[in-house]
Amino acid sequence: MRSHLLNETTADDYRRCVTEGVERVAAKLASTDKPHTGISVDELAPVIAGIDLDRPLDDPAAVLDELEEVYLRDAVYFHHPRYLGHLNCPVVIPAVLGEAVLSAVNSSLDTWDQSIGGTLIERRLIDWTAGRIGFGPGADGVFTSGGSQSNFHALLLARDEACRLVMKNSEHTPSKAEVLPKLRIFASEVSHFSVKKSAAMLGLGYEAVIPVPVDRTKRMDTAALALELENCEREGLFAMAVVATAGTTDFGSIDPLPEIARLAAEHSAWMHVDAAYGCGLLVSPTRRHLLDGIELADSVTVDYHKSFFQPVSSSAVLVRDRDTLAHATYHADYLNPLPKEVEVGAPPVPGGLRGSIPNQVDKSLQTTRRFDALKLWTTLRVMGADGVGRLFDEVCALAAEGWKLIDADPRFEVVVQPQLSTLVFRHVPAGEVRPDLVDEANLHARKALFASGEAVVAGTKVDGDQYLKFTLLNPQTTTADIAAVLDLLAAHAEQYLGESLVFAS
Ligand SMILES: *Cc1c(COP(=O)(O)O)cnc(C)c1O
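- An unreviewed UniProt entry lists the protein chain under the name Pyridoxal-dependent decarboxylase, with Streptomyces bambusae as the source organism.
- Looking at the protein chain in UniProt, the text filed under Sequence similarities (unreviewed entry) is "Belongs to the group II decarboxylase family."
- What UniProt states about the protein chain under its Cofactor (unreviewed entry) heading is, verbatim, "pyridoxal 5'-phosphate".

Brief notes about the packing of helix α5 (residues 117-133) against helix α12 (residues 373-407)
Then step 1. Interaxial distance between α5 and α12 falls to 9 Å at its minimum, and their mutual angle equals 60°. Taken together, the axis directions place α5 and α12 in an arrangement best described as oblique. α5 and α12 meet at a crossing whose hand is left-handed. Side by side, α5 and α12 meet where Ile121, Glu122, Arg124, Leu125, Trp128 and Arg132 of the first sit next to Ala373, Leu376, Trp377, Leu380 and Ala385 of the second.
Then step 2. Along the lines of polarity and charge, the residues of the contact of α5 with α12 split into eight nonpolar, no polar and three charged.

Quick word on the environment of Val395
Then step 1. Along the chain, Val395 falls in helix α12.
Then step 2. Taking relative accessible area as the criterion, Val395 reaches 0% and is therefore assigned buried.
Then step 3. When the C-alpha positions of Val395 and Arg234 are compared, they lie 45 Å apart, and in sequence the two are 161 residues distant.
Then step 4. Here Val395 is in contact with Ser421, Leu472, Leu473, Asn474 and Pro475, once residues within four sequence places are set aside.

Structural notes on helix α6 (residues 147-169)
Then step 1. The end-to-end C-alpha separation of α6 is 32 Å, in line with the 33 Å expected for 23 residues at 1.5 Å each.
Then step 2. Within α6, 17 of the 23 residues are buried, which leaves the element mostly enclosed by the surrounding structure.

A short note on a nonpolar patch on the surface
Then step 1. A grouping of Leu6, Tyr14, Val18 and Val22 is seen on the molecular surface, where their side chains present a nonpolar patch of about 340 Å² in accessible area.
Then step 2. Relative to the helices and strands, Leu6 is located in the segment before α1 (11-31).

With respect to the site of the ligand
Then step 1. In the region of the ligand, 14 residues are neighbours, and Gly147, Ser148, Asp274, Asp303 and Lys306 sit closest.
Then step 2. Within the backbone of Gly147, one N or O atom sits 2.8 Å away from an oxygen atom of the ligand.
Then step 3. Within the side chain of Asp274, a nitrogen or oxygen atom sits 2.6 Å from a nitrogen atom of the ligand.
Then step 4. Protein coverage of the free-state accessible area of the ligand, which is 380 Å², stands at 85%.
Then step 5. If you list the elements that add at least two residues to the shell around the ligand, you get α6 and α11 (304-307).
Then step 6. When grouped by side-chain class, the residues that make up the shell around the ligand number two nonpolar, nine polar and three charged.

What counts as what
- Residues numbered from 1 in each chain as written.
- Predicted model: local features only at pLDDT ≥ 70, side-chain atom pairs only at ≥ 80, totals over all residues.
- Heavy atoms only, no water.
- UniProt positions renumbered as here; feature names shortened; annotations may be inferred.
- Axes fitted to C-alpha atoms, helices over the stretch in contact; angles between N-to-C directions.
- Helix = DSSP H or I, 4+ residues; strand = E, 2+ residues; numbered from the N terminus.
- Parallel < 35°, antiparallel > 145°, perpendicular 65-115°, else oblique.
- Left-handed = near helix turned anticlockwise from the far one by under 90°.
- Contact = heavy atoms within 4.5 Å.
- Nonpolar A, V, L, I, M, F, W, Y, C, P; charged D, E, K, R; others polar.
- Buried < 20%, exposed > 50% of the residue type's maximum accessible area, 1.4 Å probe, protein only.
- Expected span 1.5 Å × (residues − 1).
- Patch = residues over 30% accessible without salt bridge, like charges linked within 9 Å, V, L, I, M, F, W, Y side chains within 5 Å.
- Areas by Shrake-Rupley, 256 points an atom, 1.4 Å probe, with all protein chains shown as cover.
- Salt bridge = Lys/Arg side-chain N within 4 Å of Asp/Glu carboxyl O.
- Near = heavy atom within 4 Å.
- Polar contact = N/O pair within 3.5 Å; in protein donor to acceptor, adjacent residues only side chain to side chain.

Next comes the structure, spelled out in structure tokens:
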């Protein structure tokens, strides 16, 4: 029987097998003329359920043939210029190269003795990102699986920092259990749901997150934040963290970072900036100023897999003060024992190396961890930061053009002028139509478009009403694509309204 293990005797099999896979994917990418085939769950589910997992095919080529039927043919292709759905980017080739290398070598980034250069490369990229943010030499961070994990990690540090502060400053030294119910997190009403979910996972409950109203441009209203912070204090509660979003998921709006930093400092609250989406501005040759004030944060979330054109997953959480990362440190005898020369409470060694062995598990919520940093490394080494930033600039410029197009189109209304690359809009019928029908027509238009496979758009609600959303992350998308998709959406919505009105009369 042939060996499927990747080792010194199977290098040729590895080369043949992976090359065959690359050939198939390359052919697929070259021939997709739609982002999606429009297949339904009911059509595909029985095909996948019908595969007998206890009868292997043995032959990789046969598996690739099968994969065509169960996956490749009907996948949603983010590289297609008419994929305008969620925050998924087309990926850059140097990153896919990194992905192929990292999975074959399979380093694990928990400890130095499982990764060697991997650990140092990750640390360089963390330092590089911290430099782009404008953090000082005390900064640090770690790669994570995504923005949700980064936000959770940051809020865990914020929670434990708040507990430490409250316990230190109280006369009767309350227990952690007494402090937790009094902690509050402030985030705008259009912040990412992972903030609330994190609060729940941190033992604070959804209710610990105080939604702060936004202004007309969907940016946090800082006067409202100031009021909420004062209320919090008056009620004897503690402001644990203020979460500013630099690029909201729906609108791409960037909260006023300097003013939020000032208010957070005034109330001794941790400031977290969720830049999962807006982080692409860190490398933008023309728009970096939109992130001014981010350097005042205590922690920052970046999703390279959103605006750095990286494959999933690639994200990081960064902190201004590396000592705060110790809230997530656990020393396991078998993995990362406390070095003899470093006693608990000893000052950190410059460069972040506690003792001589850099073990990233000291900072991470994960143990075994992918070398996702390699993808960013190969990307920067091939394209440079400007190369990535220019791609993000292009989609921001496209969104500005798209806004003009929709704003001038009587068939649609658009919510806000974009700071980044999303457009939230809805179809509005020409005559008087019941509001619930307008909602239904927009929902229908999105579904019908998806089922046709011609394009993929997203949907969301604004003040309770149903809207449509373009997320533009593909520099290949043109204003002609946007115009064509608007026509398709209008046609679906009008057909639905026509049928509903005939049916009603
Ligand atoms: C996408 C997003 C997240 C979550 O990131 P994942 O990588 O999907 O976990 C968090 N915050 C914002 C603002 C986002 O847009």
